[in-house]
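Listed here are the chains, written in short residue letters.
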Amino acid sequence: MLTGLSSVLALSVLVPTASADKLSELEQKKQEAQQQQSELNSGISQKNNEMAENQSTLEKIMAQINELNAKIDETKAKIASVEGDIEQTKGEIEELRASIEELQRKIDERTALLQERARAIQLSGGSVDYIDVLLGANSFVDFIDRFSAVNTLIDADREIMREQAADKELLAKQKAQVETKLAEQENRRAELGKLKASLDGQKAQQAGLVKDLQAEQKRLASEKANMVQQREEAIDVTAELEQQIMAEQERLAELARKAEEERQRKLAAERAAQEKAAAEAAARQAAEERAAAEAAAARAKTSASSSSSAASAPAPKQASTYSAPAVKQAVSSNFIRPTSGRYTSKFGWRDIGAGQEFHQGVDIANSVGTNVMAAAGGYVSYAGSMGGYGNVVILTHSINGQTHATVYAHLSSIGVGVGQSVTQGQSVGKMGNTGRSFGSHLHFEIHVGPWNGGRTNAVNPANYISL
């Protein structure tokens, strides 16, 4: 019987120890994959922020470009209007050119006439003697004719001088008006040309920024796509490792189940041996009592001849009743409360301020360092940090042939290692506030079946322990 018990101990201690390194390695790989996934999620979030900021800047620049386009279009319209005015002015100049040429011809003719008369005056000694002309008349009629001619000449000279002065003034005025108007329009066109050139320069600069931002946006999108692909690969790896961990848990649970079956078999054998020993002892006691009774009867028959001796002889001693030792019962496998403290959060849906979430366990609050115990005997299938759990211990149990898992999260310290066999009530760590936690407490879960990342088989611990 001792040899069988040694085999059980070897099965329950040596085999899990042999698998501890493998499970630890798997858990380490899972943590690395989760860390990589977390970093990739952070990187993707950062790229999203950068792309959003870049897009916002791009939209602002595009709005500025649209505004510049509107100004450029407006400037082009003004330039077109000015150029139309210039063309109209040039048309007016063309129309005036013939008038100016005719005016210039008249002026030139008058100038020639005046020059001729000036030469005549110069040849006559510096003056024209109209009296001699009048006195040279042959008759009164001739005098009248000569007088009219002189008046005509005098009036003609005066009119020529007036027309010459007026035409010169008009010519100068027309030329000045046209030249001024044309100069103003040319200046306006030059100003608008400079404005358009400035706007075109701004637009070109903004277009360069747009090109750079679009290239940056493309680069960020490419980097994000690469990160997303890496994240998906990391998620796949994590899922694969999780499956391996679950398989290892199942293996440990199978070892626990076999160990439990062997323990129960040994207990049954011990009970049978105890019952057999008790029966044999009872049979021996009964035989002894019968022998004693028979001996007493023989002694009584031998001494029956003496009545006084028979009368005074003591009564035969009654046989004592034998009580067989109680058979030792199997240790109960029910769960126990894993720690002391105040029950603060139930299993199921709860409001966390930012919305509803499903709580897969119960919370028991107490001070940091409060002892946390195994709710049932089993094996340590995980011991380490795990995201929102913080420091966590996961135990695998085999209870009445059914695999169970218990989770002890937010620990300040861990007191067991992967693959270690633990007994009910044994300390597995100390209460704390690690991971996604808002105060010192123990988050405790019970799973029917091995633990999985989705915690799909979590059950209400209140149905198993007294809270």
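Just so it is clear, the structure is predicted and the values come from calculations on it, not from any experiment.

Undergrad: Hey, could you go over the overall build of the chain for me, with residue numbers and the actual values?
TA: Across its full length, the chain carries four helices and 12 strands. Going through the 467 residues of the chain one by one, you find that 29% of them count as buried. Considering only contacts in the chain between residues 6 or more positions apart, those separated by 24 or more positions represent 72%. Only carbon and sulfur atoms are counted for the fraction: they give 54% of the accessible area of the chain, which is about 27700 Å².

Undergrad: Describe the confidence of the model for the chain, and please don't skip the residues or the numbers.
TA: Residues with a pLDDT of 70 or more make up 71% of the chain, whose mean pLDDT is 75. When the criterion is pLDDT under 50, residues 1–18 qualifies, and its contacts beyond four places in sequence or with other chains add up to 22 contacts.

Undergrad: So what's going on with the pattern of salt bridges? Which residues, and what values?
TA: Taken as a whole and assessed by the stated rule, the structure comprises five salt bridges. Two residues, Arg265 and Glu262, come together in a salt bridge whose shortest N-O distance is 2.4 Å. With Arg265 and Glu262 both in helix α3 (residues 140–302) and three residues apart, this pair spans about one turn of that helix. Glu262 sits in the partly exposed class, given a relative accessible area of 21%. When the shortest N-O distance is used, the salt bridge between Glu445 and Arg455 registers 3.1 Å.

Undergrad: Please provide a residue-by-residue account of the nonpolar core, values included.
TA: Formed by 23 residues in total, the largest nonpolar core has its most connected members in Val393, Leu395, Tyr408, Val428 and Phe444. For this core, the secondary-structure elements that each account for two or more residues are β7 (391–399), β8 (402–414), β10 (427–431), β11 (441–448) and β12 (458–459). Once residues lying within four places of it in the same chain are set aside, the contact partners of Phe444 are Pro338, Gly361, Val362, Ala375, Thr406, Val407, Tyr408, Pro461 and Ile465. Listed in part, the nine residues of the second largest apolar core include Tyr382, Val407, Ala409 and Trp451.

Undergrad: Give a detailed account of the side chain of His443, specifying residues and quantitative values.
TA: Looking at the secondary structure, you find His443 in strand β11. Within polar-contact distance, the side chain of His443 engages the side chain of His359 at 3.1 Å. Looking at His443, its side chain comes within polar contact range of the side chain of Glu445, at 2.7 Å.

Undergrad: Please provide a residue-by-residue account of the environment of Leu199, values included.
TA: Its location among the elements puts Leu199 in helix α3. Sequence spacing of Leu199 and Asn69 is 130 residues, and the spatial spacing of their C-alpha atoms is 8.2 Å. Every residue in contact with Leu199, bar those within four places of it in the chain, is listed here: Leu68, Lys71, Ile72 and Thr75.

Undergrad: Outline the side chain of Asp363, supporting the account with residue identities and numerical values.
TA: Here Asp363 is to be found in strand β4 (residues 362–365). The exposure class assigned to Asp363 is buried, which follows from its relative accessible area of 7%. A polar atom in the side chain of Asp363 sits 3.3 Å from the side chain of His359. Beyond its immediate stretch of four places on either side in the chain, Asp363 contacts Arg342, Tyr343, Thr344, Ser345, Arg350, His441, Leu442 and His443.

Undergrad: Summarise the packing of aromatic side chains; cite the residues concerned and give the values.
TA: Summed over the entire model, instances satisfying the criterion amount to four aromatic pairs. Consider the rings of Trp349 and Phe358, whose centres lie 5.4 Å apart with planes at 80 degrees: the pair is edge-to-face. Taken together, the ring pairs connect Phe347, Trp349 and Phe358 into an aromatic cluster.

Undergrad: Tell me what's going on with unusual backbone geometry, and back it up with residues and numbers.
TA: In this structure, Asn400 is a non-glycine residue whose phi angle is positive, near 55 degrees. With respect to the helices, strands and loops of the structure, Asn400 is situated in the loop between β7 and β8. Even without glycine at this site, His410 takes up a positive phi of about 70 degrees. Tracing the sequence through the fold places His410 in strand β8.

Undergrad: Please give an account of the environment of Leu195 that cites residues and values.
TA: Looking at the secondary structure, you find Leu195 in helix α3. For the pair Leu195 and Ile79, spaced 116 residues apart in the sequence, the C-alpha separation amounts to 10.0 Å.

Criteria and cut-off values
Residues numbered from 1 in each chain as written. Predicted model: local features only at pLDDT ≥ 70, side-chain atom pairs only at ≥ 80, totals over all residues. Heavy atoms only, no water. Helix = DSSP H or I, 4+ residues; strand = E, 2+ residues; numbered from the N terminus. Buried < 20%, exposed > 50% of the residue type's maximum accessible area, 1.4 Å probe, protein only. Contact = heavy atoms within 4.5 Å. Areas by Shrake-Rupley, 256 points an atom, 1.4 Å probe, with all protein chains shown as cover. pLDDT = per-residue confidence, 0-100. Salt bridge = Lys/Arg side-chain N within 4 Å of Asp/Glu carboxyl O. Core = buried A, V, L, I, M, F, W, Y, C linked by side-chain atoms within 4.5 Å. Polar contact = N/O pair within 3.5 Å; in protein donor to acceptor, adjacent residues only side chain to side chain. Phe/Tyr/Trp six-rings, centres within 6.5 Å; stacked < 30°, edge-to-face > 60°.

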